[in-house]
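These are the residues of each chain, in order.
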Amino acid sequence: MLNYYKCSAEKIEHVSKRENSNWIQIENPTNQEMELLAKELTIPKKFLEDALDSEERSRVEQNLSHEDQPYSILIIECPYETKDELGYKLFETMPIGIMLTKDYVITISKKAMPFINDMMQDRLGDFDRSDKWQFMLKLFLGATNYFLKYLNDIIKETNQLEINLKKSMKNEKLYAFMAIQKSLVFFATALQSNKIIVEQLEEKEILHNQELKLLLKEVRIENRQAVTMTETYSNVISGMSDIFSSVISNNLNLVMKFLASVTIILSIPTIISSAYGMNIKLPIAHYDHAFAVLNSLTVVICAILVVLFWKKKYF
């Protein structure tokens, strides 16, 4: 799917023709669309393919001598919300490609990304939308802000899950907990890749004015905050996982101890009745009230064991 936008200094407008646009937004294109774009815009098709490859890592490159169409490429990892195979909320990452050419900003991704929609609706704050590098860095900042937003969602979900786990250790709660752990792993990997991109942009010195450098600094600060939050909550989740494993093991021990105590108590009537079921001479076997006496004795012994186990906190 292709969308065309006209970006002026103050606003972004949707247009119907590519000739009237300077931002081309591409979402899950077909092979025919990629070939057509690569031919008409004289851009490398490999860039389009790399941006759609879920295994592609973040990178930045600048080519000033590609035929008559110099370009700069930025591929960054971006977060999105989905569901795992069991239906629990999961946050994953995928690459998005941003290319700057002489006439266009081209963005391409496999899925609809929320910060791209924010840019379409002009909700990413005040900046010069006609400046291609500002446009690129604002998209980078928008992606980083969504890492922070989703991390806050993970924090809230973790807190609620912790409350639920204290009440019930059902498998469903543990599966949801596992989905959070996976989300943090994806975020940690993606944020480290994006951190390298920020460092490369600073080292290459391709940002030609102070305003762009300040915008990149803001991206670096937000990315560093997201990295710190991810590391912190990965450690918290890891600690909670160990604690819950210990709790589950302890609960199992308590159940086994309770069942063992009940088994011992219930074995007393069995032992006595088995002994008096044998065809041999036994004490008070011919006594008229032998049955009542044996039952009373059984109850007394069981009661003593119950009190003893209760004091030992086996129940």
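Owing to the predicted nature of the structure, the values given are computational and were not obtained by experimental measurement.

Looking now at helix H7 (residues 290–311). Between its terminal C-alpha atoms H7 stretches 32 Å, which fits the 32 Å expected from 22 residues at 1.5 Å a residue. By the burial criterion, the buried members of H7 are Ala290, Leu294, Thr298, Cys302, Leu305 and Phe309. End-on, the buried residues of H7 take up no more than an arc of 95°, which puts them together on one face. Facing away from the buried side of H7 by over 90 degrees, the exposed positions are Val299, Ile304, Trp310 and Lys311. The inward-facing, buried residues of H7 abut helix H6 (210–275). After H7 finishes, the residue Lys313 shows a positive phi value of roughly 60°.

Among the secondary structure elements, Asn22 is positioned in the loop between strand E2 (12–15) and strand E3 (23–27). Those residues in contact with Asn22 that lie beyond four places of it in its chain are Tyr5, Lys6, Cys7, Asp103, Tyr104 and Val105.

Moving on, we get to the UniProt feature "transmembrane region" (unreviewed entry) in the protein chain. Taken from the UniProt record, the annotation "transmembrane region" (unreviewed entry) applies to residues 258–278 and 290–310. Annotation note: span residues 258–278, helix share 86%, strand share 0%, distance between end C-alpha atoms 31 Å. The span residues 290–310 is 100% helical and 0% strand by assignment, and the distance between its end C-alpha atoms comes to 30 Å.

We now examine the packing of aromatic side chains. The tally for this structure, following the rule as stated, stands at seven aromatic pairs. Between the aromatic rings of Phe91 and Phe187, the centroid separation amounts to 6.2 Å while the plane-to-plane angle is 55°, which identifies the pairing as tilted. Of this pair, Phe91 sits in strand E6 (residues 89–100) while Phe187 sits in helix H5 (residues 171–204), and the two are 96 residues apart along the sequence. For the ring pair Phe147 and Phe187, a centre distance of 5.1 Å and an interplane angle of 80° mean the geometry is edge-to-face. Taken as a pair, Phe147 in helix H4 (residues 132–167) and Phe187 in helix H5 lie far apart in primary sequence, 40 residues in all. With a relative accessible area of 0%, Phe147 lands in the buried category.

A complete count under the given rule lists zero disulfides for this structure. Free of any disulfide, Cys7 has its nearest neighbouring cysteine sulfur in Cys78, separated by 18 Å.

A word on the packing of H6 against H7. Contact geometry of H6 with H7 gives a least axis separation of 10 Å together with a crossing angle of 165°. Between H6 and H7, the angle falls in the class roughly antiparallel. Note that H6 runs across H7; the crossing there is right-handed. Between H6 and H7, the contacting residues are Ser261, Ile264, Ile265, Ile268, Pro269 and Ile272 on the first element and Leu294, Thr298, Ile301, Cys302, Leu305, Val306 and Phe309 on the second. Considered class by class, the residues forming the contact of H6 with H7 number eleven nonpolar, two polar and no charged.

Thresholds, definitions, all that
Residues numbered from 1 in each chain as written. Predicted model: local features only at pLDDT ≥ 70, side-chain atom pairs only at ≥ 80, totals over all residues. Heavy atoms only, no water. Helix = DSSP H or I, 4+ residues; strand = E, 2+ residues; numbered from the N terminus. Expected span 1.5 Å × (residues − 1). Buried < 20%, exposed > 50% of the residue type's maximum accessible area, 1.4 Å probe, protein only. Arc of directions from axis to C-beta. Contact = heavy atoms within 4.5 Å. UniProt positions renumbered as here; feature names shortened; annotations may be inferred. Phe/Tyr/Trp six-rings, centres within 6.5 Å; stacked < 30°, edge-to-face > 60°. Disulfide = S-S within 2.5 Å. Axes fitted to C-alpha atoms, helices over the stretch in contact; angles between N-to-C directions. Parallel < 35°, antiparallel > 145°, perpendicular 65-115°, else oblique. Left-handed = near helix turned anticlockwise from the far one by under 90°. Nonpolar A, V, L, I, M, F, W, Y, C, P; charged D, E, K, R; others polar.

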